[in-house]
Amino acid sequence: MADSSTLVSETGRSLLADSSVLESKMIETSKENVFRATVLDVEEEMPQIETRVVLVQEAGKREELQKALEEIKMPYIKTDTIEELGDSDSPEFETIFVVSDFQAPIFSNLCKADCRVIGPPVVLHCAQKGEPLPFSCRPLYCASMLNLVLCFTGFRKKDELVKLVTLVHHMGGIIRRDFSSKVTHLVANSTHGDKFRIAVSLGIPIVKAEWIYKAWEKRNEIDFCAADDDFRNQFKVPPFQDCLLSFLGFSDDEKANMEEMTEMQGGHYLPVGDERCTHLVVEESTVKDLPFEPLKKLYVVKQEWFWGSIQMDARAGESMYLFEKSESPDFKKSVSLLSLSTPNSNRKRRRLKETLAQLTRETDLSPFPPRKRPSAEHSLSIGSLLDISNTPESSTANGETPKSCARPSKNSTPLPLKQSARWQVAKELYQTESNYVDILTTIIQLFQVPLEKEGQLGGPILAQEEIKTIFGSIPDILDVHTKIKEDLEDLMINWTESKSIGDIILKYSKDLLKTYPPFVNFFEMSKETITRCEKQKPRFHAFLKINQAKPECGRQSLAELLIRPVQRLPSVALLLNDIKKHTAEENPDKITLERAIESLKEVMTHINEDKRKTEAQRQFFDVVYEVDGCPANLLSSHRSLVQRLETVALGDDICDRGEQVTLFLFNDCLEIARKRHKVIGAFKSPHGHTRPPASLKHVVLMPLSQIKKVLDIRETEDCQKAFALVVRPPTELNNKLLSFQMTTEDPCKEDWLKMLCRHVANTICKADAENLIYVADPDSVEVNTKDMDSTLSRASRAIKKTSKKVTRAFSFSKTPKRALRRALMSHSATEGRSPSCSESYIGSRLTSTSSLAGVHSPSLVSLPSIFEKRSHTLSRSTTHLV
């Protein structure tokens, strides 16, 4: 079909010319030809034609269209019928009709007359962009599919296809019958056919027909683009559409997981042997032969096809993943030669012993454990936290000899048959270091590099922030240990007892100190990110399934591989201790090894301290995010969270009685927060991470120096797990009693009170922390917990909340909190007192009525009487409500 091309005149006006334009203005040509000419050729062959716009029927009543045409300086007229324009076919000017309804009869008449028709969104779009009106051979309602090239596959009904093509043309799209590299979207009604395979291989989006219909519904939205990823992804063709899958050889849990994933990806599953099945997914490591003869139409594929389809978000080609029966007589022959049955002759025993010894030597440098029981002759790895062996094939999985295996063979001087114990441990250090470098290389090459690769089929699997969180400083750690491995390799090649191993560790101690803390501190966050993404993102789950099944991983998960950096430094320290034990006193490396061990301990101590600080900072931010209105001055470098305690208020001083209160004990202050009655919506960061809403409301941030006494209230039948704090705020002359009841078992009340008193004593610089605890009877402090969970108590609290709402609703002389605070501060300033002292304890709460009664401020003179009247009225209204 013909595509539209653009002609530009001297005045800068853009005209979309096509075959139909040339028919009326130049010699007769086919509609399939595209006119391509320079600006000078157009001016010579085509005379200048004046353009006018005709607003038809409803379009003429829209004022925004008239303003838009005036902005682009386009003359227009209004009409209700075509007959009114007797000169619509005049060659002196070009007429463009603006029609609001492309289903109206007048639209059909204009199309039959070969008139140029556009929709109102085109006019508004051009006015918004400051562009001239486009000229198209077909009616153009909007530009939501402008510059999109579509191809169709799998549609059998001609009427449906014609309707879809017409809508695409109305939205400015282009249709291609044959698939090519210019196609931007494939509209598929089936997952079979060559077009679908090519689109998958090229990574071209494959969508359903609903994408076109929904885009047409949004045709009046000027800024809407059908190619927007969020909109288009709603209509993508799922990988397993039109597929009926069966699973053979999997465990029950894994099979249930794969069946769930199948339905999530648009497919359905059937029991094994069902004739309707289109694909049989086989676990090739457990299934050696099929229990039945498959039909010709049935694809028998490996599980890699299943996970690969999910990963690239499209059905993968089955030909690359067909299951084949494992018939390898050579393998059976090799197994029989290595049979562990007792030979009849000494010669066979000796040959078998030599064969096993050779296999053991080949597996010494392998970084992953074998799938079967390892040989007992891997004593070189004893004592190391990286006690790992590997199968021979893993070292040559990439088709090349590892450097760690090739370099030692260059030594022309053969080593003696019996080496010293120092050499044996040094060899183990080098072997484990080589294994560790191979593991880090596997993590980067097998996981990180593919995730960071641009142009992934189906789009990025993870966001860049998530990739950075998972892998952290692994590349930097690999660089450091690659250098350590090379130095150890040279040392082992040119071995002498006087060679210094400690110097190598000291040489890179600063690099270790720089690279390890960022990874170790956020390792738990890395594991949490892996777990969360694996649950929420099926493509990442499939990506892990594919790569973790490869022999390079040794059947270990990504999280298990990432724990190796956490274990490596303690392992190196143990090996250096072993080397030091087997080093003679007169050897200079003895002192160097001690320094190297101390440097590693300093690195690990720094890591632990840094991790502790990081965890403390995370706890800080968790409190800030959880408590709405939390003071900013809570965040401090010297402050740390000690304990969190869930309680219930037993008094009415800072909260209503019976209200749930959370106490956050820090080393120098106490944050008191109550449970929110209305929880606000969750906060979503720009990176897409959703933060849970704040569940608590800030009440007061109290310095521990204000706590004068801690009351341990005796346990009685009417009073359980209660305690109280005697506090004196700087703005009060008398002490206040804040009483609470603990609602959790951990910590116990005795431990909590001792902990609180210890930090209070540290704050006020007292050594006798236990003297701050006083035992009190419940009656002496008027504390009772018996009715806290009763129906009457809950009803009473509900009445109090209702009465407060009624008072606020019917108040005709509301005094805002800000005005009260301003008046109090102005009164304090007139008497020479600093207003900040009231802020330290009162915070966001108002001063009590009794304290305001003595304030000599014109704006507050009548407050006590007003409060008294309100209280009297409130009590009567409450009695009436009851």
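Residues numbered from 1 in each chain as written. Predicted model: local features only at pLDDT ≥ 70, side-chain atom pairs only at ≥ 80, totals over all residues. Heavy atoms only, no water.

Colleague: Would you mind going over the overall build of the protein chain with me for this structure?
Modeller: Regarding its fold elements, the protein chain presents 30 helices and 25 strands. The 882 residues of the protein chain split such that 42% are buried. Accessible surface computed for the protein chain: about 49000 Å², of which carbon and sulfur atoms make up 51%. (Helix = DSSP H or I, 4+ residues; strand = E, 2+ residues; numbered from the N terminus. Buried < 20%, exposed > 50% of the residue type's maximum accessible area, 1.4 Å probe, protein only. Areas by Shrake-Rupley, 256 points an atom, 1.4 Å probe, with all protein chains shown as cover.)

Colleague: How should a nonpolar patch on the surface be read in this particular structure?
Modeller: A surface patch of nonpolar side chains, amounting to about 270 Å² of accessible area, comprises Phe621, Tyr625 and Leu635. Tracing the sequence through the fold places Tyr625 in helix α24 (residues 589-626). Exposure remark for Tyr625: the relative accessible area of 38% places this residue in the partly exposed category. (Patch = residues over 30% accessible without salt bridge, like charges linked within 9 Å, V, L, I, M, F, W, Y side chains within 5 Å. Salt bridge = Lys/Arg side-chain N within 4 Å of Asp/Glu carboxyl O.)

Colleague: What is the right way to look at the sheet that holds strand β12 (residues 268-269) in this model?
Modeller: In any sheet, the strands associate via hydrogen bonds between backbone groups, in a parallel or an antiparallel arrangement. Read from one edge to the other, the open sheet built from four strands follows the order β12-β11-β13-β14, with strand pairing classed as parallel. In the strand order of this sheet, the two ends are held by β12 and β14 (299-302), each with one partner. Direction of pairing for strand β11 (residues 244-248) relative to β12: parallel, over a ladder of two bridges. The residue of β12 that forms the bridge with Leu245 is Tyr269. Running over the sheet, helix α10 (residues 252-264) touches β11, β12 and β13 (279-282) and is turned about 170° from β11. In this fold helix α11 (residues 303-311) packs onto β11, β13 and β14, with an angle of close to 80° to the strand it touches most, β14. (Pairing = 2+ DSSP bridges. Contact = heavy atoms within 4.5 Å. Axes fitted to C-alpha atoms, helices over the stretch in contact; angles between N-to-C directions.)

Colleague: Is there a simple way to explain the sheet that holds strand β7 (residues 149-153) in this structure?
Modeller: With respect to topology, four strands assemble into an open sheet ordered β8-β7-β9-β10, the strand pairing being parallel. Each of the sheet's edge strands pairs with one partner strand only, and the pair in question is β8 (174-176) and β10 (206-207). Relative to strand β9 (residues 185-188), β7 is paired through four bridges, and the arrangement is parallel. Bridged to Thr153 within β9 is Ala188. The sheet strands contacting helix α6 (residues 158-170) are β7 and β8, and the helix crosses β7 at an angle near 175°.

Colleague: Looking at this structure, I do not really get unusual backbone geometry. What am I missing?
Modeller: What you tend to see is this: most non-glycine residues have negative phi, and most peptide bonds are trans. The linkage connecting Asp746 with the following residue, Pro747, adopts the cis geometry, with an omega of 0°. Here Gln57, not a glycine, exhibits a phi torsion of approximately 50°, which is positive. Mapped onto the elements of the fold, Gln57 is located in the loop between β3 (50-56) and α3 (63-71). Residue classification places Gln57 among the partly exposed residues on the basis of a relative accessible area of 34%. Unlike most non-glycine residues, Asp242 shows phi in positive territory, near 70°. Structurally, Asp242 is set in the loop between α9 (229-232) and β11.

Colleague: What should I look at first to understand the nonpolar core in this one?
Modeller: Core analysis: the largest hydrophobic core is formed by 58 residues, its most contacted members being Ile443, Phe447, Ile501, Phe540, Leu558, Leu562 and Leu576. With 14 residues, the single largest contributor to this core is helix α15 (residues 421-452). Excluding residues within four positions of it along the chain, Phe540 makes contact with Leu451, Ile461, Leu462, Ile470, Ile530, Cys533 and Glu534. Counting residues in hydrophobic clusters, the runner-up holds 35 residues, among them Tyr141, Leu167, Met171 and Ile175. (Core = buried A, V, L, I, M, F, W, Y, C linked by side-chain atoms within 4.5 Å.)

Colleague: I tried to follow the pairing of β11 on my own but got confused; where do I start?
Modeller: Every regular strand shows the same layout, with side chains that alternate between the two sheet faces. In terms of burial, β11 is largely enclosed, as four of its five residues are buried. Crossover handedness for the path β11 to α10 to β12: right-handed. (Right-handed = clockwise from strand over helix to strand, strands pointing away.)

Colleague: Which parts of the structure should I look at to understand helix α16 (residues 464-471)?
Modeller: For an α-helix, 3.6 residues make a turn, and residues three or four places apart therefore share a direction. Of all the positions in α16, only Glu466, Ile467, Ile470 and Phe471 are classed as buried. All buried residues of α16 fall inside an arc of 115° around its axis, so they share one side. Buried residues in α16 make contact with α15, α17 (474-493), α19 (509-521), α20 (523-536), α21 (538-548) and α22 (558-562). One or two residues past the end of α16 sits Gly472, with phi positive at roughly 55°. (Arc of directions from axis to C-beta.)

Colleague: How should the packing of aromatic side chains be read in this particular structure?
Modeller: Two aromatic rings, taken as a pair, are described by how far apart their centres are and by the angle between their planes. Here the structure, examined in full by the defined rule, presents 16 aromatic pairs. Centre to centre, the rings of Phe231 and Phe235 are 5.2 Å apart; their planes meet at 65°, and the pair counts as edge-to-face. Taken as a pair, Phe231 and Phe235 share a single burial class, namely buried. With a centroid separation of 6.2 Å and an interplanar angle of 80°, the aromatic rings of Phe447 and Phe543 are classed as edge-to-face. With Phe447 in helix α15 and Phe543 in helix α21, this residue pair connects regions lying 96 residues apart in the sequence. Owing to a relative accessible area of 0%, Phe447 belongs among the buried residues under this scheme. Linked through ring pairs, Phe240, Phe247, Phe250, Trp305, Phe306 and Trp307 together constitute an aromatic cluster. Against the face of Tyr141 rests Arg219, its NZ or CZ located 5.8 Å from the ring centre. One residue, Lys709, lies across the ring of Tyr774, its end atom 4.8 Å from the ring centre. (Phe/Tyr/Trp six-rings, centres within 6.5 Å; stacked < 30°, edge-to-face > 60°. Lys NZ or Arg CZ within 6 Å of the ring centre and 35° of its normal.)

Colleague: How should the packing of α15 against α17 be read in this particular structure?
Modeller: For any two helices packed against each other, the geometry comes down to the angle between their axes and how far apart the axes lie. As a packed pair, α15 and α17 sit with axes 9 Å apart at the nearest point and diverge in direction by 150°. In this structure, the crossing between α15 and α17 has a hand that is left-handed. A per-class count over the contact of α15 with α17 returns 16 nonpolar, five polar and four charged. (Left-handed = near helix turned anticlockwise from the far one by under 90°. Nonpolar A, V, L, I, M, F, W, Y, C, P; charged D, E, K, R; others polar.)

Colleague: Before we go on, may I ask you to explain α3 in this structure?
Modeller: What α3 keeps buried is the set Leu65, Gln66, Ala68 and Leu69. The buried residues of α3 occupy an angular sector of 160° when projected down its axis, which confines them to one face. Those residues of α3 that are exposed and angled more than 90 degrees off the buried face are Glu63, Lys67, Glu70 and Glu71. One or two residues past the end of α3 sits Lys73, with phi positive at roughly 55°.

Colleague: Please explain the pattern of salt bridges as it appears in this structure.
Modeller: For side chains bearing opposite charge, pairing can occur when the charged atoms are close. Scanning the model with the defined rule gives 28 salt bridges in all. For Glu715, the salt bridge goes to Lys749, with nearest N and O atoms at 2.7 Å. Taken together, the positions of Glu715 in the loop between β22 (707-713) and β23 (722-727) and Lys749 in helix α25 (residues 749-763) put the pair 34 residues apart, joining distant regions of the chain. Judged by relative accessible area, Glu715 falls into the partly exposed class, the value being 43%. Residue class for Lys749 comes out buried when judged on its relative accessible area of 13%. Counted as one network, the salt bridges with shared partners bring together Arg422, Glu497 and Asp589.

Colleague: How should I be thinking about the packing of α19 against helix α23 (residues 564-581) in this particular structure?
Modeller: At a minimum axis separation of 10 Å, α19 and α23 run at an interaxial angle of 140°. Relative to α23, the element α19 is oriented oblique. Judged by the sense of rotation from one axis to the other, the crossing of α19 with α23 is left-handed. From α19, Leu512, Tyr516 and Phe519 reach across to α23, where they touch Pro565, Val566, Arg568 and Leu569. Along the lines of polarity and charge, the residues of the contact of α19 with α23 split into six nonpolar, no polar and one charged. (Parallel < 35°, antiparallel > 145°, perpendicular 65-115°, else oblique.)

Colleague: Honestly, the pairing of β7 in this entry has me stumped. Any pointers?
Modeller: With five of its five residues buried, β7 lies for the most part within the structure. What you see with β7 is no split at all: Val149, Cys151 and Thr153 on one side and Leu150 and Phe152 on the other are buried throughout. Sheet topology places β7 next to β8; three bridges connect them, and they run parallel. Bridging across to β8, Val149 finds its partner in Ile174. Handedness of the crossover joining β7 and β8 through α6 is recorded here as right-handed.

Colleague: Got a minute to help me understand the environment of Thr744 in this structure?
Modeller: Looking at the secondary structure, you find Thr744 in the loop between β24 (736-742) and α25. Expressed as a C-alpha distance, the spacing of Thr744 and Leu645, which sit 99 residues apart in the sequence, is 7.6 Å. Not counting residues up to four positions away in its chain, the partners in contact with Thr744 are Leu645, Glu646 and Lys721. Of the polar contacts made by the side chain of Thr744, one reaches the backbone oxygen of Asp746; its length is 3.5 Å. (Polar contact = N/O pair within 3.5 Å; in protein donor to acceptor, adjacent residues only side chain to side chain.)

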